Amino acid sequence: TIFRSLVLVSVAWSQGSRASDIPPLTCSLDGEDKGALDPQLKEMKFDLGLGDGEETFLAYVQPNVTAFYNGEPPAHKPVVPKHNGLAGVFVNMGNQPLSVFWEPYRGGTGSLIDHLAPFGAGGTASFPGHLFYLTPRHDPNNILIRFTVGKAPDNLHVYDPYHVEGDEAKTESNLAVLSEQDRANYMLMRKTYLFGLEYKKFTGRSYLVNYPRARPSHHMWRAEYFGQEHWVTTRETHFAELPPPHERLRINPNPKKRILKDSDPRLLSDYRTGEPILNMTLKVLSCAPRVFEIKNFLSQVEVDHILDLAASEKLALSTTGMGDDDVETNTRRTRTSYNSWVERERSPIVDAIYRRSADLLRIDEALLRKRDAHENPELETKNTIAESLQLVHYDPDQEYTAHHDFGYSDLEKEDQSQRFATLLFYLNEGMVGGSTSFPRWLNAETFEELRVIPETGKAVLFYSQLPDGNMDDLSQHQANKVLRGEKWLINLWVWSPLYS
């Protein structure tokens, strides 16, 4: 079974052990400066000409692909991937709500893709040459502007109804109709636009958030070269035996009842392996985007428990949009799986998976649940920063085409909370097809996608954010079509700085 094949820290242990006998949690980063910045954060100086003078920003500069090989690379330039998709991003710098339509050909019937709030942004996975247009939210026949998506990094499309290039007087006349607040919002959007131009020159990427956005508030594992390994330990060891039904009931959501000290036994420890610590190894599969695999993250007992929960759930057709019926209808062509949701409080085993995930991510587990007043007082909310586990099922011919897990922030959301990390947990294997792929991973060998083959109990971690706070366009990924058999998985989304 899976749990017997794990690399465990071999320390004798019993529930009666003294606190001084408890082996410390360790990590491959022990001894390093916890506050050290990513070495690829480089100082970028700029003056946007808005009266703020020279400013400084730490921008993430992607290393040369040769560094990813930790030795002699097969080539000195990245291969152009076969998949040339990218994030198509649309920015509304006006004070009226707009809608985004995809146009199959110039003059063809448009399909609603997204809605843009005043001084807001939205987007979708797209390809160079795709046609889009914007309309007022309640007047879909009034086309305000058309866009043709370019090649990366030219994927940011801005609608500015006020600025007239080279004519300050006309620009000022247009802005005069705005309220004081709307004008202030416009200037913030204008600053983001001008900063984005400087950022693209400095990094070669589009800036997909509002300037300035803070760096991620959580730890990010580095992916410096293919095959690089990190390890971290956890007290949330594997379940080796399924507890009886009366032990698997919902757990008390009261935060005070959720706190476990290092000296406390883990929940239902009698049904676990008996070892005090589990060693989790992360192996780098991709450096850009950062993708890691963690084999044997779940035991077979835990997998079976999740599948038992699935049998009691009513799965619904998976969606990708914003709750708008027209948008949902249009996006079902890209996602054809079925899904449901499993709360952390559903059972002690599910709770243990969250705690183990927190240790893997090097995040306080309290952040992944509702907290008491004294826990993490620096945060403005006591809500979780993690979503419920998403349980997903794919039958033959079902898939989820290339997409991103992040969204786009409106100007009113000052913290610009976004999905930070995705953890995938595979619940079965042996299907034909059904791999998780990263079609735009940077490498010097092949233009084919990076494929991760499902293995029961294996986890995959990847980040949607870059170390400088920008979104990672290369994190685009897809669930390839299942050709024969079926595919089960759960995924956990963790946000930064908060769950919005």
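The structure under discussion appears in the preceding block.
Residues numbered from 1 in each chain as written. Predicted model: local features only at pLDDT ≥ 70, side-chain atom pairs only at ≥ 80, totals over all residues. Heavy atoms only, no water.

One open sheet accounts for four strands, arranged β5-β4-β7-β8; its pairing is antiparallel. Sheet topology places β5 (111-116) and β8 (145-148) at the edges, where each strand pairs with a single neighbour. The average undirected angle you get between the axes of adjacent strands in this sheet is 25°. Note that strand β4 (residues 98-103) and β5 share five bridges and pair antiparallel. Each bridged residue has a counterpart across the sheet, and for V100 the counterpart in β5 is D114. (Pairing = 2+ DSSP bridges. Helix = DSSP H or I, 4+ residues; strand = E, 2+ residues; numbered from the N terminus. Axes fitted to C-alpha atoms, helices over the stretch in contact; angles between N-to-C directions.)

On to the pattern of salt bridges. According to the stated counting rule, one finds 32 salt bridges in the structure shown. With a closest N to O distance of 3.0 Å, D52 and K191 form a salt bridge. With a gap of 139 residues between them, D52 in the loop between β1 (41-46) and β2 (55-60) and K191 in helix α2 (residues 180-203) connect regions that are remote in the sequence. Take K191: its relative accessible area is 17%, and that puts it in the buried class. Two residues, R146 and E103, come together in a salt bridge whose shortest N-O distance is 3.0 Å. (Salt bridge = Lys/Arg side-chain N within 4 Å of Asp/Glu carboxyl O. Buried < 20%, exposed > 50% of the residue type's maximum accessible area, 1.4 Å probe, protein only.)

This part covers the nonpolar core. Residues W221, F425 and L461 are the most contacted members of the largest nonpolar core, which totals 68 residues. Listed in part, the 30 residues of the second largest apolar core include A87, A121, L411 and M471. (Core = buried A, V, L, I, M, F, W, Y, C linked by side-chain atoms within 4.5 Å.)

To continue, consider the side chain of T422. Within the fold, T422 resides in strand β17 (residues 418-426). For T422, the side chain forms a polar contact with the side chain of W493, separated by 3.2 Å. Dropping the residues within four chain positions of it, T422 is found in contact with D405, V460, L461, F462, S464, L492 and W493. (Polar contact = N/O pair within 3.5 Å; in protein donor to acceptor, adjacent residues only side chain to side chain. Contact = heavy atoms within 4.5 Å.)

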